[in-house]
Each structure stands twice: as C-alpha cells, then as structure tokens.
Amino acid sequence: MNPTDKFIKHNKYHFKKKNIKKNKIFLIEFNGWQAIHIIFSYIVDYFKNEKNCKIVAYECYDFLNRVDPPWYNKYLWKLGVFLNIKTFRIFKSFGTDQFIKPRYSNLIDIKAEKILKEFYSDKPDLKNLENYKVENIWIGDLIYDSFLKKNYLPTIDINSEKFKIFFKNSIKLYLFWKNYFDKNKISGICVCHSVYLTGIPLRIAQSKKIECYAIASYNCDLVNLSNSISFKEKNNGSDNHYKYFKEIFYQFSKKNRDKFLNQGKKIFNEITSGKKSYFYMKKKTFKLSKFKPLQKKMSKIRVAIYSHDFTDSPHIYGNHFFTDFKSWFNFLDKIMKQTDYEWFIKDHPSENEVTKNEILKLLKRNKNLKLLEKNFPSNHLNKLGIKFVLTVFGTIASELSEFGIRVINATRNNPHSEYNFSLNPKNLKEYEELLLNLKKLEGKFSFNKKDLYMYHFVKDLLSKNSFFTNTKRYFDFSDKIPLRFTPKIYDYWIEDFDLKIHNRIKLNLKKFILSKKYLMLNENLNTF
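Residues numbered from 1 in each chain as written. Predicted model: local features only at pLDDT ≥ 70, side-chain atom pairs only at ≥ 80, totals over all residues. Heavy atoms only, no water.

### Concerning a nonpolar patch on the surface
Judged by side-chain polarity, W71, Y72, Y75, L76, L79, F82, L83 and I85 come together as a nonpolar surface patch covering roughly 920 Å² of accessible area. Within the fold, L83 resides in helix α3 (residues 73-83). On the accessibility criterion, L83 (46% relative accessible area) is partly exposed. (Patch = residues over 30% accessible without salt bridge, like charges linked within 9 Å, V, L, I, M, F, W, Y side chains within 5 Å. Areas by Shrake-Rupley, 256 points an atom, 1.4 Å probe, with all protein chains shown as cover. Salt bridge = Lys/Arg side-chain N within 4 Å of Asp/Glu carboxyl O. Helix = DSSP H or I, 4+ residues; strand = E, 2+ residues; numbered from the N terminus. Buried < 20%, exposed > 50% of the residue type's maximum accessible area, 1.4 Å probe, protein only.)

Here you go:
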C-alpha cells in the first residue's frame, strides 16, 4: 500500500465522520502539501464534530499558476470531485463535505472593470498598490506578491497591460469571495498561505470578525490571525511569532530562564560556527573551515549586502521602506554613488535566476561593488574587514553581533525589531541617514546578549510545534525537496502514531482555539 493510501485508511479509521445538516461553513484551502493535510485532518475534526460545521475546501490557485489554466480546467475540477481521485480523495478522507472553485459572472466582470478604472484614474505608483484597499479591505500587498510569484519578476510595471489584466482578475477573485461570505454563514477559515491571493478570503473573513487561521512558518505552525492583520501598522499578521518571544520566555521560572539562556547560547554558537544549520535550510551559511584574516588595516568602511529572493513574497512580514527588493537595490545603488565605502554583495541561499540577474545588474553599475563567493561563510565576514551588513528582514540580523558586525534592517516589520542586536531605523529617512553616516557607528558597540540567546532559544523551541515535535525527521530534505511536500511524511506520521499523541493533539488544538491566542505551541507550554 502506498503512503497516500495508508494515510487515507488511517484518517477513515481515526476521524469519525458526522453528517452535518446545519448551514454553518468552515473553509479550508485546497492544496497538495502533505504536511498540511495532516494538520487539516485535526482542524476539520474539531470544527466538524465540536462546532457542527460543514467543511468546504476551495480552490484559489488558478491566477497564481505561471501558465494560465486551459478553458477545460473547471471540468477537470468537477470530474476530480465526482470520481473522488487524487487530492480530492485525501480531503474527503478527513471529512471535507464540499469542494468549490471560484466562478465569475458577467456582473462580477463589469464591476471589476469599473474598480480597475477607478484605481488607475489616480495614476497609482507601487506604494499605492501595496497599500490598496477595495471596499475598505486591504489586498494590495497580496496582489503585489502574487504578480511577482506568478510571473517570476523582480518588480512590477504598474502600467503594463499584463499587470492590468492581473489586477482585474484579482478584483474578480475578491468580488467572488465577498459575495460568497455575504450569502453564506461562515464560521471560520484556515489557509495555507496568507500572503498571496490565497489570502483574499482570509482578509474578508477578518473584516467580518470571523475566526481566521493559517499554517505559517517553515514548520507549519498553526496561528490565529483573527486580530493580527493591521493595515495601520502595515503588518499582515503572517509569521508574527517573534512578537511573542519575550512573553513566552518570561513565563518560565527564573531558574529555568537561566538554564534556557545557556541553551540559547549553545544553539547560537552551533549555528554561527557551522556545527549545525537551521532545520529549514538546505545548506549551511556558516562553516567550520578556517579563513586567513586580512593583515592590512582597511582605510575604508566595508559593507556587505545580503540579498533576498526577489520573487518570494517581499511582503511576508508586511510593508517595508521599499515596495520590493528591486526598489531596495535601486536605493542602495544611489547610496553607493554617494559614499566612499567598499561594498560587497552575497546571493540568497535559495538562489534563482531573477535574483542572480538583479545582482549582476547592480555589479555592472557599481565598480566598487564586489561579489562574495556563493558559499562564502558568514562567520568569516569580519576577517574580510566587513563591519556592516544590510538586509531588509533577513535571519542574518540575529547572527552577526557577536562578530562585531552591525546589521541594519530596512523595515520595522522584521523578526528582530524588538531587540538591539541589530539596528532598526524607524523610517526611510532614518535608514538613509544611517547609511550615509556609517562612520559615526564604527567601533565597538554594546547589545543585550541575554536577548540574543533568548531569541535563539525561543526560535528553536517554536520549531517543535504541536503537530511535528521531531522537526529534523519531518522537515528534512529528500533529493533537495522538503519532506513535508512529499508522501513520505505520511509514512512517518503513521509510523510514529499512537492514541496518546492523537488525543493530546486534539486536546491542545481545542485549548488553542478556545484561547483565541495567536500561536499554538508545543505540549509543554500554554498558548500565547
């Protein structure tokens, strides 16, 4: 029996199916990711059997596909539902009652065209786009990131016909869902992605004060976004775990806090020495190899730029000083020409052609910019005489302070904004002032080491969430593909299964939902 068939049999045995006659609906995002199917099986069980909800799985990917789906795609969907095959079969095994695919009437098309014209009547720029609200619901950031992802682009030509068509289609999707929520009694929703067009029904649900959940972060944490999305703060609520690190840590006793700080220090040292890597990384960015430091003293300030993946959701934490990573590069290009620093740049670990091309363009425009080798370890930066590193919101901000390197973030919406082990300017003007006057920041600097170790301890703690406590086993890589995206994870889940774990997950999930807190934590902690 293959892993999928085993998982389906497992679900049919362990999750009772209840015939729901009431009209309350709980929505789940239809998807092909095996780890999320495991989580959904428990969420569906709760809302179906405890809340008496009808479970409806919805498709939300047609506009995100790189190749537009063929005209007959809607018939394939209906056929898949009717024959109960492939992913439809998996979803039915854990209690899904209905499958829906957005449909667009002539009225929706006419209204979307009107909204499109209204948007362009004010000659919008990219800032207007990322802040765009329709009927007072913020969706501009979702449209922005989805267009980059779909078209594999570093930025948007907002006046291109290609983008105008995409914008209109996004509005059509919004109008479909707005109508669906208005006509049906929706009790809650759980999405896999809250940062692309898949997040549109989530935003509508939040505006109506409906329960909103998402599978977030690298290890598929379950989070409650009902009160976390803030247009005022330009924060989309996704991956906001870091906001609760201090609260989580200080609920421990003083004795345990001291012990956990030592553990955090050990975790930090193992990562930054190259002994270990984060479980979600394919490659180490720190290495044990030796590197001969420069002998001569540098007369100029040395700065390294740590690039991001240009097509992968620049708005994952919310809005930043720049609308995308391309506009960040354009800004840094101007800074390079106004300063007398020596500049270096490093590619993102998840390298791709779009990011590589943008780095090459920046290199061509700046003769004083040098490309660091692809595998150059971050723990050797100080031996090159580099004193400053620039990122928008990268992990590197939590890794270099012990090496005497100051990391400057380009947003307030970043995982390190609550701490002083990196620099967090309040706005673009302050950011620019910092970059133009790095000489004022040279020399030794102080930071709270306890905060640094606390940060790494809690980050590691949260990697062991309620569903997959053995992070290494479930989130390793198989032929460079994350195991969580393969049927192999079904095998692991069934091999490790016992009724105590099963019942513990169900109880923890119920406590989490009733708590209305943001984050579901592992069994040893309460919810926050």
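### Some thoughts on the packing of aromatic side chains
Scanning the entire structure with this criterion turns up 58 aromatic pairs. Linked through ring pairs, F30, F40, W77, F88, F91, F94 and F99 together constitute an aromatic cluster. Above the plane of the ring of F231 lies K133, whose end atom (NZ or CZ) is 4.2 Å from the centre. Between the NZ or CZ atom of K234 and the centre of the ring of F231, over which it lies, the distance is 4.1 Å. (Phe/Tyr/Trp six-rings, centres within 6.5 Å; stacked < 30°, edge-to-face > 60°. Lys NZ or Arg CZ within 6 Å of the ring centre and 35° of its normal.)

### Remarks on the sheet that holds strand β2 (residues 54-58)
Two orientations exist for strands paired in a sheet by backbone hydrogen bonds: parallel and antiparallel. Taken in spatial order, the six strands line up as β3-β2-β1-β6-β7-β8 in an open sheet, and their pairing is mixed. The strands lining the two open edges of the sheet, one partner per strand, are β3 (98-100) and β8 (221-224). Direction aside, neighbouring strands of the sheet carry axes that sit 25° apart on average. As paired strands, β2 and β3 are joined by three bridges and run parallel to one another. If you follow Y58 over to β3, its bridge partner there is I100. Against the sheet, helix α4 (residues 86-93) makes contact with β1 (24-29), β2 and β3, and its axis sits at roughly 135° relative to β3, the strand it touches most. (Pairing = 2+ DSSP bridges. Axes fitted to C-alpha atoms, helices over the stretch in contact; angles between N-to-C directions. Contact = heavy atoms within 4.5 Å.)

### Quick notes on a positive patch on the surface
Together, K16, K18, K22 and K185 make up a positively charged patch on the protein surface. Secondary-structure assignment places K18 in the loop between α1 (3-14) and β1. (Lys, Arg positive; Asp, Glu negative; His and termini not counted. Charge placed at Lys NZ, Arg CZ, Asp CG, Glu CD.)

### Here we look at the sheet that holds strand β13 (residues 406-408)
One open sheet holds the five strands; their spatial order is β11-β10-β9-β12-β13, and the pairing between them is parallel. Looking at which strands have only one partner, the edges of the open sheet turn out to be β11 (369-371) and β13. Averaged over neighbouring strand pairs, the angle between their axes works out to 25° when direction is ignored. Where strand β9 (residues 302-306) lies against strand β10 (residues 342-346), five bridges are found, and the strand directions are parallel. Bridging from a neighbouring strand, V303 pairs with W343 of β10. Across the sheet, helix α13 (residues 353-365) lies against β9, β10 and β11, angled at about 145° from β11, the strand it touches most.

### Considering the pairing of β9
Counted residue by residue, β9 has five buried out of five residues, so it is predominantly covered. Neither face of β9 is exposed, since R302, A304 and Y306 on one face and V303 and I305 on the opposite face are all buried.

### Quick word on the nonpolar core
Core analysis: the largest hydrophobic core is formed by 110 residues, its most contacted members being W177, I305 and Y431. Here this core gets 11 residues from one element, more than from any other, and that element is helix α8 (residues 161-183). Residues in contact with Y431, not counting those within four places in the same chain, are F321, F322, W328, F331, L332, L390, I408, N409, A410 and P425. Listed in part, the 50 residues of the second largest apolar core include F47, Y196, Y213 and Y490. (Core = buried A, V, L, I, M, F, W, Y, C linked by side-chain atoms within 4.5 Å.)

### A closer look at the confidence of the model for the protein
Residue-level pLDDT values for the protein average 90, and 95% of them are 70 or greater. Confidence, read as mean pLDDT per element, is least for strand β14 (residues 477-478) in the protein (74) and greatest for helix α5 (residues 106-120) (98). (pLDDT = per-residue confidence, 0-100.)

### Quick look at helix α2 (residues 34-49)
Here α2 is 16 residues long and its end C-alpha atoms lie 23 Å apart, about the 22 Å a rise of 1.5 Å per residue gives. Within α2, 16 of the 16 residues are buried, which leaves it mostly tucked inside the rest of the structure. (Expected span 1.5 Å × (residues − 1).)

### Notes on the pattern of salt bridges
This structure, assessed with the given rule, holds 31 salt bridges. With a shortest N-O distance of 3.7 Å, E50 and K510 are connected by a salt bridge. Taken together, the residues E50 in the loop between α2 and β2 and K510 in helix α18 (residues 499-515) connect sequence positions 460 residues apart. By relative accessible area, E50 is classed as partly exposed at 44%. Each member of the salt-bridge network shares a partner with another, and the members are D109, E113, K168 and K172.

### Comments concerning the pairing of β2
Most of β2 sits inside the fold, with four of its five residues counted as buried. Sheet analysis places β1 next to β2, joined by five bridges and oriented parallel. Across the sheet, residue I25 finds its bridge partner in β2, namely K54. Chirality of the crossover, the property in question, places the unit of β1, α2 and β2 among those that are right-handed. (Right-handed = clockwise from strand over helix to strand, strands pointing away.)

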